[in-house]
Structures are given as structure tokens and as C-alpha cells.
Amino acid sequence: MAELRKRRYDVAFEGENVEVLPVERTVMPKGTENEEHSKGQTRGEREMHQIDQNSNRKALYLFIILLGVCVSTLLYFWFLQQNGFTPVWTWDPSSEPSVITVYTNFTPLQPSAFLSFIDSESRQTLHGVLSWKMAAVSWSWVRSRSFGALLPAGGISAEPGYVWKLLPDTTSNNFMFSNKYVPPPPSGPVEELLFHLLSLFHPQPFLQSRYGPRGAAAVVQAKNSDCLDIWFRVHAEFQLNTPPRWPLWFTPAAFIGRLIINATDLDVKFFSLHVPTDKPLNVDLEWLTGPNEDEDMEVTITFIREMSAKTAGPVSSSAFTWTQQIQEEESLMLLEKELYQFMQVEYHNFTEAYRAASYQGQPVHSLVLWGVLGDQSC
């Protein structure tokens, strides 16, 4: 259909000699405007339809995912029920009579112990100990039956003074390098329990220390008709750094533990674990400032005021009547002799040694040490 054109002349000011320009106005053919409007409306409807299809598709995908999660969860619970397990998130500790709560106490090392080492080389490596302000976990539930791993092989028949190895040295006295970060996974009930307890302080405990004596030992200190009073000693250490920082080793003198447990039903009456504080030095710190362990190792020995974990409740360690027992000092000495072969020899301080040497007519052999010889931190 041909276009229709109409000329119109407009005069700006009537009666003046003004040039008049023709203005052309194009008139759209009849029906064209309706066609364009129809096309725009059709395009909008098509886009809305596409959006609706995408929304429906996403809703279908989400439904399939949720259905899969529900089915997997139901199958998981069915599997646990068939095998007699209980999911962690459905475990109610109040419903189980044999659960104890272990609380941690931790006092960080004083920064003054590192002032002479905080230089350009050691500053980054010491980050792990300078930032360690509290225990990793303030408290934790532990099933009482887990402590059954610390019982002697003879159970209630074990006599006071009986000593046994909880953790043997699995390294065959081989040299262990310091350039490592990740502890090996625990194997067996004893390692699993001790690893869990030490992880309350820091998440990277090593149950086999780099230097001997390695492992753990236990002794029966007292007994009655139902319960055993067990003392144990653990030599372990912690790696405080992660890559890319160089390794930083935190080695306590030892962990001394005490467990009072019913040997029949494995009901824990009392538990404690701590780093001894009766010596002026009880922690060894070693860190690398480079890749060469022989040349880039820094060492210092310092003191930590508190690093302990114990149960809290109405029952204390002194609220028991024992039919057989040995003294606490004897129990600790038996543990030292089990772990340190040189402790089989009787040692004296200088005054006692001089008196004994004079009486026996023997020479005196003196040792001057920075730390304590029968101590893992030395």
C-alpha cells in the first residue's frame, strides 16, 4: 500500500516576508501500527514463557536433589540401625549412664620466654606458640568404656606396683625427622583414647615423640574389690605450625595421668591428665628457621604453668577406701624406671652422694644439666 503524503506550510509570523519551508509528514499505512504492537506483544509472551520453563526446570532439579538427600539419609539410618550404631548428631549423652565430661585448663606460655629469639628468622616460625592462647576444646564428652583400654591385662586381679606398657615404641628407636606437620592416625583403642585427650589441647598431637623414650606406661597404685587406681605417664609432643611456616615442636616434660575406674562395668570415678609443674622447666621448644635440620634448628626450654584435663563432679580421688596400695611417689618412680633405663641406677644429690662415697670409698661422678635428666623436656 502506497504512502500518503500531505504538504503543509506553516508561517511563523503572518504578514512578514519570511521564507516558508515545506514540512513533510509521513503517515503510516493502515494496519501497520497494529502489526508492530502485535509483534512486540508476541515477543514478550515468548520471553515470559521461556522464564516460566526455566523456573520449572530449576524447581524440578531442586526436588530431585532433595529427594536424593532424603533417600540417602533414610538408607544411612537404616544401615546404622542394622549394625547397632548411633549417629553422632542423634547421640544424647544424658541418656547414656557411662559418659564423663572432661574439662581442660591451659595457661599459655609467657612471650618473655622468646624475646631473645624473636628476630627476622624466627618470628614467623614462632607464630604457632605466640598465637596459642587457649586449649582447642574447653570440654568434651568421653564414653567411660573408652577408658577400658587403660586397664591391665589381668583386670581387677592386678596387684599394686604392677607396671605395663600402654604404648610401646613403634619406631624401633629410629631417628625421626622434625620436618613434618601431620600426625599419623591413631591405631587401636589406647592410641584413639590418648589422641582424643591430647587433641583437647591442640589438634596436632604426636603420640610417638621424635626422641626417646617414646610411648606410655601405666602402674596400679591401689585397688579394692571393685576399682583400680591407675597412674600412667605419656611422652607426646605437638606440632604447632602448618605450612608454609617451618615446623615448631612443643614437647612437654611428660603427661601424668590418673584413672580410678570400676574394673567390672568400666564406670569412671575420677580422671586427670596434666603436665607436671614441680620442676622449674617443663617444656622444650624446637623450631626450624630453614630446610636444614642440623643447621637451622633453634631450641629453648621454658615453663608452662598449667596444662591439664580432668573430670569435675562430687567424686574426688581421695574419696575412696583401698584395701591394697603403694605410695604415690613409688608409683611415679616405677613409671620413670619403665621408660628410662638409666633410672635403674640409684641417684643422689651432691650432699648425699658425697656422704655415701666417703663411706664406701668410691669416687663421685657429677652431672650438671640445664634441665632434668628423667624428663622429656630436657
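Placed above this text is the structure.
Just so it is clear, the structure is predicted and the values come from calculations on it, not from any experiment.

Asks: Quick question: what am I supposed to make of the pattern of salt bridges here?
Replies: Once the charged atoms of two side chains with opposite charge are near each other, the side chains can pair. Evaluation of the coordinates by the stated rule reveals 8 salt bridges. In this structure, Asp229 engages Arg258 in a salt bridge whose closest nitrogen and oxygen atoms are separated by 2.6 Å. On the criterion of sequence distance, the pair formed by Asp229 in strand β8 (residues 227–235) and Arg258 in strand β11 (residues 255–262) is long-range, its members being 29 residues apart. The buried category is assigned to Arg258, whose relative accessible area is 14%. Here the residues in one salt-bridge network are Arg210, Glu237 and Glu286, joined through shared partners.

Asks: Please clarify how a nonpolar patch on the surface should be interpreted in this entry.
Replies: A surface patch of nonpolar side chains, amounting to about 700 Å² of accessible area, comprises Leu60, Tyr61, Phe63, Ile64, Leu67, Val71 and Leu75. For Val71, the location among the structural elements is in helix α1 (residues 32–83).

Asks: Is there a simple way to think about the side chain of Asp296 in this case?
Replies: Assignment of secondary structure puts Asp296 in the loop between β13 (283–288) and β14 (297–302). Look at Asp296: it is buried, it has no salt bridge, and the nearest opposite charge is Arg210 at 14 Å. When neighbours within four sequence positions are excluded, Asp296 is seen to be in contact with Trp287, Leu288, Thr289, Gly290 and Pro291.

Asks: Teacher, can you tell me more about the packing of aromatic side chains here?
Replies: To describe a pair of aromatic rings, you give the distance between the ring centres and the angle between the ring planes. Applying the stated criterion to the full structure yields 13 aromatic pairs. Aromatic side chains Tyr162 and Trp164 sit 5.5 Å apart centroid to centroid with 20° between the ring planes, which places their arrangement in the stacked category. On the accessibility criterion, Trp164 (10% relative accessible area) is buried. Taking 4.9 Å as the distance between ring centres and 65° as the angle between the ring planes, the aromatic pair formed by Phe206 and Trp249 counts as edge-to-face. Of this pair, Phe206 sits in strand β6 (residues 205–206) while Trp249 sits in strand β10 (residues 248–252), and the two are 43 residues apart along the sequence. Per residue, the accessibility class of Phe206 equals that of Trp249, and both read buried. Linked through ring pairs, Phe106, Trp132, Phe201, Phe238, Phe250 and Phe255 together constitute an aromatic cluster.

Asks: Honestly, the pairing of strand β15 (residues 307–311) in this entry has me stumped. Any pointers?
Replies: For a regular strand, the rule is simple: side chains alternate between the two faces of the sheet. β15 sits mainly inside the fold: 4 of its 5 residues count as buried. Where strand β3 (residues 99–106) and β15 come together, 5 bridges link them in antiparallel fashion. Pairing of Val102 across the sheet is with Thr311, part of β15. Direction of pairing for strand β12 (residues 268–274) relative to β15: antiparallel, over a ladder of 3 bridges. Paired with Leu273 across the strands is Ala309, a residue of β15.

Asks: What exactly am I supposed to notice about the sheet that holds β10 here?
Replies: Adjacent strands of a sheet form backbone hydrogen bonds with each other and so pair up, either parallel or antiparallel. As summarised here, the arrangement of the 5 strands in space is β6-β9-β10-β13-β14, forming an open sheet in which the pairing is antiparallel. Each end of this open sheet is capped by a strand with a single partner; those strands are β6 and β14. Of the pairings in the sheet, the one linking β10 to β13 comprises 5 bridges and is antiparallel in character. Among the inter-strand pairings, Leu248 is bridged to a residue of β13, identified as Trp287.

Asks: Would you mind showing me how to read the environment of Glu192 here?
Replies: By the element assignment, Glu192 lies in helix α3 (residues 189–199). When the C-alpha positions of Glu192 and Ala149 are compared, they lie 9.4 Å apart, and in sequence the two are 43 residues distant.

Calculation rules
Residues numbered from 1 in each chain as written. Predicted model: local features only at pLDDT ≥ 70, side-chain atom pairs only at ≥ 80, totals over all residues. Heavy atoms only, no water. Salt bridge = Lys/Arg side-chain N within 4 Å of Asp/Glu carboxyl O. Helix = DSSP H or I, 4+ residues; strand = E, 2+ residues; numbered from the N terminus. Buried < 20%, exposed > 50% of the residue type's maximum accessible area, 1.4 Å probe, protein only. Patch = residues over 30% accessible without salt bridge, like charges linked within 9 Å, V, L, I, M, F, W, Y side chains within 5 Å. Areas by Shrake-Rupley, 256 points an atom, 1.4 Å probe, with all protein chains shown as cover. Lys, Arg positive; Asp, Glu negative; His and termini not counted. Contact = heavy atoms within 4.5 Å. Phe/Tyr/Trp six-rings, centres within 6.5 Å; stacked < 30°, edge-to-face > 60°. Pairing = 2+ DSSP bridges.

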